[in-house]
Amino acid sequence: MRQLVTPRLIALFVGLFFVLAVLWAFVTGAGTVIGQGYLKEANAEQEFHKHPNKYEFGFNGPLGKWDQRQLQRGLKVYDEVCAACHSLKYVAFRDLAALGLTEGQIKAYAAKKVVPGIDPVTGETTTRPGLPTDYFPSPYPNEIAARAANNNAVPPDLSLITKARHDGTNYVASLLTGFQEQPPELLKKFPEAKTPAGLHYNPYFANLNLAMAPPLTTSGQVTFDDGSPSDVQSMAKDVAAFLTWTAEPNLVKRRQTGWAVMVFLLFATVLAYMSKQQIWSAVKPKTKD
Amino acid sequence: MSFPWAKEYQPTNGLTKFLDEKLPLPRLVYNAVGAGYPVPRNLSYFWNFGVLAGFFLVLQIVTGVILAMHYAANAQIAFASTEHIMRDVNWGWMLRYAHANGASFFFIVVYIHIFRGLFYSSYKAPREMIWLLGVVIFLLMMATAFMGYVLPWGQMSFWGAKVITGLFGAIPLVGEPIQIWLLGGFAPDNAALNRFFSLHFLLPFVIAGVVILHIWALHIPGSSNPTGIEVKSESDTVPFHPYYTAKDGFGLGVALIAYCLLVFFLPNYLGHPDNYIEANPLSTPAHIVPEWYFWPFYAILRAFTADFLIVPAKLMGVLAMFSAILMWFFLPWLDRNPVRSGHYRPLFRKFFWFGLIPAMAVLFYCGGAPAEEPYVMLSQIATAYYFLHFLVILPIVSSIEKTEPLPTSITAAVLGSDKEVVKGEAAEPVAV
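Residues numbered from 1 in each chain as written. Chains lettered and ligands numbered in written order. Predicted model: local features only at pLDDT ≥ 70, side-chain atom pairs only at ≥ 80, totals over all residues.

## Let's talk about the overall build of chain A
Defined as follows: In this description a helix means any DSSP run of H or I spanning at least four residues, a strand means any run of E spanning at least two, and both kinds are numbered starting from the N terminus. C-alpha atoms define the radius of gyration in this analysis, and the globule rule sets the expected value at 2.2 Å times the number of residues to the power 0.38. Partly exposed residues are those whose C-beta has more than 12 but fewer than 20 other C-beta atoms within 10 Å; with 20 or more the residue is buried, with 12 or fewer it is exposed, and the C-beta atoms are placed from the backbone.
Counting its secondary structure elements, chain A contains nine helices and four strands. Listed by position from the N terminus, the elements making up chain A come as α-α-α-α-β-β-α-α-α-β-β-α-α. Scaling as 2.2 N^0.38, a compact globule of 289 residues should have a C-alpha radius of gyration of about 19 Å, whereas chain A reaches 29 Å, well beyond that. Overall, the C-alpha framework of chain A stretches about 90 × 70 × 50 Å when taken along its three principal axes. Buried residues in chain A amount to 28% of all 289 residues.

What follows is the structure, encoded as structure tokens:
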């Protein structure tokens, strides 16, 4: 029996080594916690940060669809407000066909934009009107310029923003409408958490103080061609919808494909179950009922 | 191997006769997953997960090879090339979501496969080699998945790579040179991305090779079963085809429904939003978390927060994390109780359901949570139990346990009696 006992004895010692080490860490940590008298130090971010509000969108839910007119309105908000500071570098003008723009409209839209180019005669860097194959141009020539123009905070590219944040669509809409005065309770409880000069209080932002100034401030800031209301709430929702499309242009197609796949798989699985039952009926004991 | 009653392959036409003589590939398949492989007749649905794991390995290789045709492993453009796949490649979004969620499903399926093996002690003689090869596959999967997650070059890709390669820095004396050598630099950059891509392409084929060995080793003693008793006669078995091909077909259908729900309706549910932000070495994410399938082991790594004797806390964590998996290699020699199935081991069963499974659940939860209290203390308790379970409790339980009586045969377990054999199948006792 000796060779049976030995590996188990070694295991026992190795096991006890790890258990003692982790319990030692536990005791040390518990000492610190007791010493502090509290598990977690409270801070303003934990108490005053808010999760995004839930908004109704046509593309919500497994059967949701884009509202092309809303996406076009969102494009206009991006164009007239956000584009001053934020790039949209993964979206090409040709992609706007998905918003219902015709080829002519896309050409005209692109031509209004100025994109970097090369002079065909001299080879010097220059600018030229955009083509449908071009991507949305960046408002700044490079990151240093973006940093310099924005008090050292680079405005993020917006192409993927709704996928790069938890609950991104609602987050964008909530953030754009969430600028407010710092609540007096916050200042009373955490006087050191006063919003520094140059930043703006917004409870939907992770650390509550955002470098971006409120971009949507007045009703009618953007005039919609379809006569839709252009209060701050509507503009925020429309641009959030547009940025959902830029982040996941295949969203609706993906779900439609998914439904077809599901119908096929359910059918195939039922067939597979029936053939399995039939094959096994020969050897399955009869149940006594 | 085979039982004496295994059906023999009979080539029926000119082509199969020709092949059988020159290269008996059809015979190999027939004996591996065809009518030539007798399998215990009482396998539960938990025995579907080996075939499912094989399916997801193939799915990962197929989607991965196509993705590699469009992806660019260069730190300057890797993130943009991923977006190119998502936006401009025909059905590229589907391929990428299928691949990313395919990795998750591969792990779900393999975790169930492993825990089935643990509950039914499938690692015991004569199946030790199958288990050892399985642990090798799991380790290779972890390496492959880790390197795959780096490729999109998002924030979590970069910082995950930094944290995990940083583990090698905990090795005394040579840690830092090893870390720099592995990364090809002081931090993850183009050199690291390139080698990770190369290895991420290579390792799945290594996995496929070990899977072949795993299945080969399985065919020597034959499949285990929920009673844990060995096959005694022909009436204990049914041929793999059509019985288990049909059952696996149904199992695959169910698995694919769950998988496609994720791919088509919630493709980013298991991912992290930060990975849609391009890698930025100058901006550390608030919480660096690996992919969900690493959470239990990440929790073990972070549970060791204090230096122990002469071992620094970080090294202790790294040792524990690797040991947590490596000790699985020794299970066949730690659990010596001849009874395999947990159904007949009352004490073992209690520790499994009320000890190991809750400990794993706590570790899983804490691994995804931020490294603050109470998660650290919870994961410390769970880590202590995890090591205690495999290295202390299991060896002791296996020596002292009074097991419950086993059925006389698989047939008896299914039909309630040995006598009542299936029509047309003789229950001849076989000399083993």
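From this point, things continue past the structure.
## Observations regarding the overall build of chain B
This is how the line gets drawn: C-beta atoms are placed from the backbone for every residue, and two residues are taken to be in contact when these atoms lie within 7 Å.
A count of helical and extended segments in chain B gives 16 helices and two strands. Against the globule reference of 22 Å for 432 residues, chain B gives a C-alpha radius of gyration of 24 Å, in line with a compact fold. C-alpha atoms of chain B, sized along the principal axes, occupy 75 × 60 × 40 Å. Looking at chain B as a whole, 45% of its 432 residues are labelled buried. Nonlocal contacts in chain B, meaning residues at least 24 apart in sequence, comprise 77% of its contacts between residues at least 6 apart.

## Topic: the pairing of strand S1 (residues 114-118) of chain A
All names here are of chain A. As a reminder of what qualifies: The rule for pairing is simple: two strands pair if DSSP sees at least two bridges between them.
Of all five residues in S1, zero are buried; the element is thus mostly exposed. As paired strands, S1 and strand S2 (residues 125-129) are joined by five bridges and run antiparallel to one another. For Val 114, the partnering residue across the bridge sits in S2 and is Pro 129. The loop that links S1 with its antiparallel partner S2 comprises six residues; one of these, Gly 123, has a positive phi angle of about 80 degrees.

## Some details on the domain arrangement of chain B
Residue and element names in this part refer to chain B. Threshold: How far each domain reaches was decided by an automatic or database domain assignment.
Partitioning chain B into structural domains gives domain 1 (42-268) and domain 2 (298-417). Centre-to-centre, using C-alpha coordinates, domain 1 lies 22 Å away from domain 2. Across the boundary between the two partners, domain 1 contributes 27 residues, which contact 23 residues of domain 2. At six residues, helix H6 (residues 128-150) tops the list of elements feeding residues into the side of domain 1 that touches domain 2.

## Thoughts on the domain arrangement of chain A
Much of the literature gives interface size as the accessible area that the parts lose upon coming together. Structurally, chain A comprises domain 1 (2-41) and domain 2 (46-91 + 136-249). One C-alpha centre belongs to domain 1 of chain A, the other to domain 2 of chain A, and the line joining them spans 48 Å.

## Digging into the interface of chain B and chain A
Keep this limit in mind: Side-chain classes are defined by residue name, with Ala, Val, Leu, Ile, Met, Phe, Trp, Tyr, Cys and Pro counting as nonpolar, Asp, Glu, Lys and Arg as charged, and the others, Gly among them, as polar.
At the interface, 53 residues of chain B touch 49 residues of chain A. Every element with two or more residues in the side of chain B that touches chain A is listed here: helix H4 (78-87), helix H5 (92-119), helix H10 (240-265), helix H12 (313-326), helix H13 (331-334), helix H15 (375-400) and helix H16 (410-415) of chain B. Among the elements that line the side of chain B that touches chain A, the one with the most residues is H10 of chain B, at 13 residues. Per-class residue counts for the side of chain B that touches chain A are 38 nonpolar, seven polar and eight charged.

## Here we look at the packing of helix H3 (residues 49-68) of chain B against H5 of chain B
Residues and elements named next belong to chain B. Operational definition: Lines fitted to C-alpha atoms define the axes here, with helix axes fitted over just the stretch in contact, and angles between the N-to-C directions of these axes take values from 0 to 180 degrees. By definition in this entry, angles of less than 35 degrees are roughly parallel, angles greater than 145 are roughly antiparallel, angles of 65 to 115 are roughly perpendicular, and the rest are oblique. A crossing counts as left-handed when the near helix is turned anticlockwise from the far one by less than a right angle, and as right-handed when that turn is clockwise.
Remark: H3 packs on H5, axes separated minimally by 9 Å, with the N-to-C direction vectors making an angle of 155 degrees. Regarding the angle of H3 to H5, the classification is roughly antiparallel. As H3 packs across H5, the resulting crossing turns out to be left-handed. Counted by class, the contact of H3 with H5 contains 16 nonpolar, seven polar and two charged residues.

## A word on the confidence of the model for chain B
All names here are of chain B. Using the following cut-off: Each residue gets a pLDDT score, which is the predictor's confidence in that residue and runs from 0 to 100.
Here chain B averages 93 in pLDDT, and 96% of its residues register 70 or above. The low-confidence segment residues 420-432, where pLDDT is below 50, has 21 contacts with residues more than four positions distant or belonging to other chains. Note on the complex model: pTM 0.93, ipTM 0.93.

## Quick look at the nonpolar core
Worth spelling out the cut-off: Nonpolar cores are identified as sets of buried Ala, Val, Leu, Ile, Met, Phe, Trp, Tyr and Cys residues joined via C-beta atoms within 7 Å.
Among the nonpolar cores identified, the biggest contains 105 residues, and Phe 106, Val 109, Ile 300 and Leu 363 of chain B are the most heavily contacted of them. Not counting the four nearest positions on each side in its chain, Phe 106 of chain B is found in contact with Ala 53, Phe 56, Leu 57, Gln 60 and Met 141 of chain B. Core analysis: the next-biggest nonpolar cluster, separate from the first, contains 42 residues, Leu 75, Leu 160, Ala 173 and Leu 216 of chain A among them.

## Describing H3 of chain B
Residue and element names in this part refer to chain B. How we decide: Given the number of residues in a helix, its expected span is that number minus one, multiplied by 1.5 Å.
Along its 20 residues, H3 runs 28 Å from first to last C-alpha, staying within 8% of the 28 Å computed at 1.5 Å per residue. Turning to H3, its buried residues are Phe 49, Gly 50, Leu 52, Ala 53, Phe 55, Phe 56, Leu 57, Gln 60, Gly 64 and Leu 67. Tucked inside the fold, the buried residues of H3 contact H4, H5, helix H9 (190-219) and H10.

## Focus on the environment of Leu 208 of chain A
All names here are of chain A. Position of Leu 208 among the secondary structure elements: in the loop between strand S3 (200-201) and strand S4 (209-210). Take Leu 208: there are 22 C-beta atoms within 10 Å of it, and that puts it in the buried class. Distance from Leu 208 to Leu 175, taken between C-alpha atoms, is 10 Å for residues 33 residues apart in sequence. Other than its neighbours up to four places away in sequence, Leu 208 contacts Ala 44, Glu 45, Phe 48, His 49, Tyr 201, Asn 202 and Pro 203.

## Notes on unusual backbone geometry
Residues and elements named next belong to chain B. In this model, His 241 is joined to Pro 242 through a cis peptide bond whose omega is 10 degrees. Mapped onto the fold, Pro 242 is located in helix H10. The linkage connecting Glu 373 with the following residue, Pro 374, adopts the cis geometry, with an omega of 5 degrees. Mapped onto the elements, Pro 374 comes out in the loop between helix H14 (346-368) and H15. Although it is not a glycine, Trp 91 adopts a positive phi angle of roughly 60 degrees. Backbone geometry places Trp 153, a non-glycine residue, at a positive phi of 60 degrees.

## Side note on the packing of H14 of chain B against H15 of chain B
Helix packing for two helices is described by the angle between their axes and how far apart those axes are. Residue and element names in this part refer to chain B. The N-to-C vectors of H14 and H15 enclose an angle of 150 degrees; their axes lie 9 Å apart at closest approach. Classed by the angle they form, the pair H14 and H15 counts as roughly antiparallel. H14 and H15 meet at a crossing whose hand is left-handed. Contact with H14, carried on its side by Leu 347, Phe 348, Phe 351, Gly 355, Leu 356, Ala 359, Val 362, Leu 363 and Cys 366, involves Tyr 375, Leu 378, Ser 379, Ala 382, Thr 383, Tyr 385, Tyr 386, His 389, Ile 393 and Val 397 of H15 and no other residues of that element.

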